[in-house]
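Residue-level structural notes
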Amino acid sequence: MGRTVVVLGGGISGLAASYHLSRAPCPPKVVLVESSERLGGWIRSVRGPNGAIFELGPRGIRPAGALGARTLLLVSELGLDSEVLPVRGDHPAAQNRFLYVGGALHALPTGLRGLLRPSPPFSKPLFWAGLRELTKPRGKEPDETVHSFAQRRLGPEVASLAMDSLCRGVFAGNSRELSIRSCFPSLFQAEQTHRSILLGLLLGAGRTPQPDSALIRQALAERWSQWSLRGGLEMLPQALETHLTSRGVSVLRGQPVCGLSLQAEGRWKVSLRDSSLEADHVISAIPASGIWTFGAIFRRSRSPGNRVMLGGSWLQTLEASGCVLSQELFQQRAQEAAATQLGLKEMPSHCLVHLHKNCIPQYTLGHWQKLESARQFLTAHRLPLTLAGASYEGVAVNDCIESGRQAAVSVLGTEPNS
Ligand SMILES: Cc1cc2nc3c(=O)[nH]c(=O)nc-3n(C[C@H](O)[C@H](O)[C@H](O)COP(=O)(O)OP(=O)(O)OC[C@H]3O[C@@H](n4cnc5c(N)ncnc54)[C@H](O)[C@@H]3O)c2cc1C
């Protein structure tokens, strides 16, 4: 009898793991178990009354690097090339980045000239921060908060303005709590290997072998900064589900996993609400930890949709202070933010408010040690269990797809087909 692999969680990580398992030359029997009635996890696109698509989760995927290229390869394998909507390098959305500081929006400098000129909100040209970075010695700590790392290497202003905003944008988190080693591993590694982030990024770039396809070449030639899909990013989990079903993968929806126990013969018993499954190996792509992030998404008439994300790791403090977190409050705050920060004063024609609990895992200082202990535990006990998903080594969709692929590799003992 062939091996049975049960994949827990039908978010993008569990779907990617199942996909790669199903494409092995001799695939095991794969069962994907999802607690809710839909697949895709945080990737969710809904249509408004006038046909506009609202992303309730991720709304753009970065094509850069080996992981970005792998996701584009997956998109092609699923036959979605013609659905891709890229933001090309010459588009204003790709060229302009703004920081909202001191009640005003400031365009971030671009190009060498921009770095040499003073550009508010920074008091000095960013060139000086770069020069400082090149001269600083390598850090000695095994981990550091993002803020402390950026302050040490680039100075207090860049740490407080730029890196803080980056942490809010990507993790909805606090740069004074998040770990540089786990949240921005390429910056941490650049310093470890080349003593300087700038040198590391310059000398280390382009070393990782990348897959090749027509879509990947197009993304490189047109310098895409990110991409989405015509019908919303949820098309990706939907296409994966169609593929999995055609490959004979059993997809169980509405089946929360309640327990996992190892039987005497070394097989897992996976307990569901009303039944159970036997498995030789389990891939867990269920979230391990998280925080609250709130998204209030609304659309104005005669303009593209605007999305305001509120809360993040600060919301727990607000809640603890007794503030009533109602839909009305979020909508009001989102409209105020759009009006004061972007000058969008019209009432939105359509407004969606969604409360996302525990949606973005926070890799706080020392996260790497937790991963290390989990790995050691699994190895020491020879448990046929592999962990995948946003809780461990990257929250971006690309990271999650890669974690699913790596989980499949570890189960198969070899690279899957793609
Ligand atoms: C608002 C928001 C915006 C984002 N924006 C971007 C972006 O623009 N670009 C980007 O790259 N990334 C973005 N991300 C991050 C990215 O979308 C997520 O990290 C990623 O989708 C997580 O995928 P996952 O499969 O690991 O986890 P999830 O999506 O959490 O999937 C886990 C699945 O497991 C299921 N499950 C849970 N418990 C059980 C159980 N007991 N039994 C069975 N099933 C269970 C859940 O129902 C869920 O379907 C964003 C995330 C959020 C929340």
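Up top is the structure these notes are about.
First things first, this report covers the structure right here in the doc. (Residues numbered from 1 in each chain as written. Predicted model: local features only at pLDDT ≥ 70, side-chain atom pairs only at ≥ 80, totals over all residues. Heavy atoms only, no water.)

1. Quick notes on the pairing of strand β13 (residues 281-284)
What you see with β13 is no split at all: His281 and Ile283 on one side and Val282 and Ser284 on the other are buried throughout. Across 4 bridges, strand β1 (residues 4-8) lies against β13 in parallel orientation. Note on β13: the bridge partner recorded for Val6 is Val282. As paired elements, β13 and strand β17 (residues 385-387) share 3 bridges and run parallel to each other. Bridging from a neighbouring strand, Ile283 pairs with Thr386 of β17. (Buried < 20%, exposed > 50% of the residue type's maximum accessible area, 1.4 Å probe, protein only. Helix = DSSP H or I, 4+ residues; strand = E, 2+ residues; numbered from the N terminus. Pairing = 2+ DSSP bridges.)

2. Quick look at the environment of Glu157
Checked against the element boundaries, Glu157 lands in helix α7 (residues 156-171). Apart from residues lying up to four places away in sequence, Glu157 is in contact with Pro121, Phe122, Ser123, Lys124 and Ala162. Within the structure, Glu157 has its side chain in polar contact with the side chain of Ser123 (distance 2.9 Å). (Contact = heavy atoms within 4.5 Å. Polar contact = N/O pair within 3.5 Å; in protein donor to acceptor, adjacent residues only side chain to side chain.)

3. Remarks on the side chain of Ser228
Looking at the element boundaries, Ser228 is found in strand β8 (residues 226-229). A relative accessible area of 13% means that Ser228 is categorised as buried. When residues no more than four places from it in sequence are discounted, the contact partners of Ser228 are Glu55, Arg59, Glu83, Val84, Leu85 and Leu233.

4. Observations concerning the site of the ligand
As a structural note, the neighbourhood of the ligand is formed by 32 residues, with Ser13, Glu34, Gly60, Val395 and Val397 the closest of them. In the environment of the ligand, an oxygen atom lies 2.5 Å from a nitrogen or oxygen atom belonging to the backbone of Val395. Look at the ligand: alone it shows 1,000 Å² of surface, and the protein chains cover 84% of it. Contributing elements (two or more residues each) for the shell around the ligand: α1 (12-22), β15 (306-310) and α16 (397-412). Across the shell around the ligand, the residue classes tally to 18 nonpolar, 11 polar and 3 charged. (Near = heavy atom within 4 Å. Areas by Shrake-Rupley, 256 points an atom, 1.4 Å probe, with all protein chains shown as cover. Nonpolar A, V, L, I, M, F, W, Y, C, P; charged D, E, K, R; others polar.)

5. Examining the sheet that holds β13
With respect to topology, 5 strands assemble into an open sheet ordered β9-β2-β1-β13-β17, the strand pairing being parallel. The open sheet is flanked by β9 (250-252) and β17, the only strands paired with a single partner. Averaged over all adjacent pairs, the angle separating strand axes in this sheet is 15°, with direction ignored. Along the sheet, α16 makes contact with β1, β13 and β17, crossing β13 at roughly 165°. (Axes fitted to C-alpha atoms, helices over the stretch in contact; angles between N-to-C directions.)

6. With respect to helix α15 (residues 367-380)
What sets the pattern is the α-helix's 3.6 residues per turn: residues three or four places apart point alike. With 14 residues, α15 extends 20 Å between its outermost C-alpha atoms, agreeing within 8% with the 20 Å of an ideal straight helix rising 1.5 Å per residue. Residues of α15 that are buried include every one of His367, Leu371 and Leu378, and no others. The buried residues of α15 occupy an angular sector of 40° when the element is viewed end-on, so they sit on one face. Exposed residues pointing more than 90 degrees away from the buried face of α15 are listed as Gln376, Thr379 and Ala380. The elements touched by buried residues of α15 are α8 (180-183) and β17. Immediately downstream of α15, the backbone of Arg382 shows phi near 50°, a positive value. (Expected span 1.5 Å × (residues − 1). Arc of directions from axis to C-beta.)

7. Structural notes on empty space enclosed by the protein
What the rule picks out here adds up to 2 cavities of 30 Å³ or more. Of the voids in this model, the second largest cavity is the one considered here, and its volume is about 40 Å³. Along its surface, the second largest cavity is lined by Gly139, Lys140, Glu141, Asp143, Glu144, Arg152, Phe188, Glu191 and Gln192. Here the lining of the second largest cavity is composed, by residue class, of 1 nonpolar, 2 polar and 6 charged. (1 Å grid on protein atoms, 1.4 Å probe; cavity = no way out; pocket = protein on both sides within 12 Å on 5 of 7 lines; lining within 4 Å. Points joined across faces, edges and corners; volume = space filled by probe spheres on them.)

8. What about the sheet that holds strand β10 (residues 259-262)?
With antiparallel pairing, 3 strands are arranged side by side in an open sheet as β10-β11-β12. Strand pairing shows two members of the sheet lacking a second neighbour, β10 and β12 (276-279), which therefore form its edges. Adjacent strand axes in the sheet meet at a mean angle of 20°, parallel and antiparallel pairs treated alike. In the sheet, strand β11 (residues 268-271) pairs with β12 via 4 bridges, with the strands oriented antiparallel. The residue of β12 that forms the bridge with Ser271 is Ser276.

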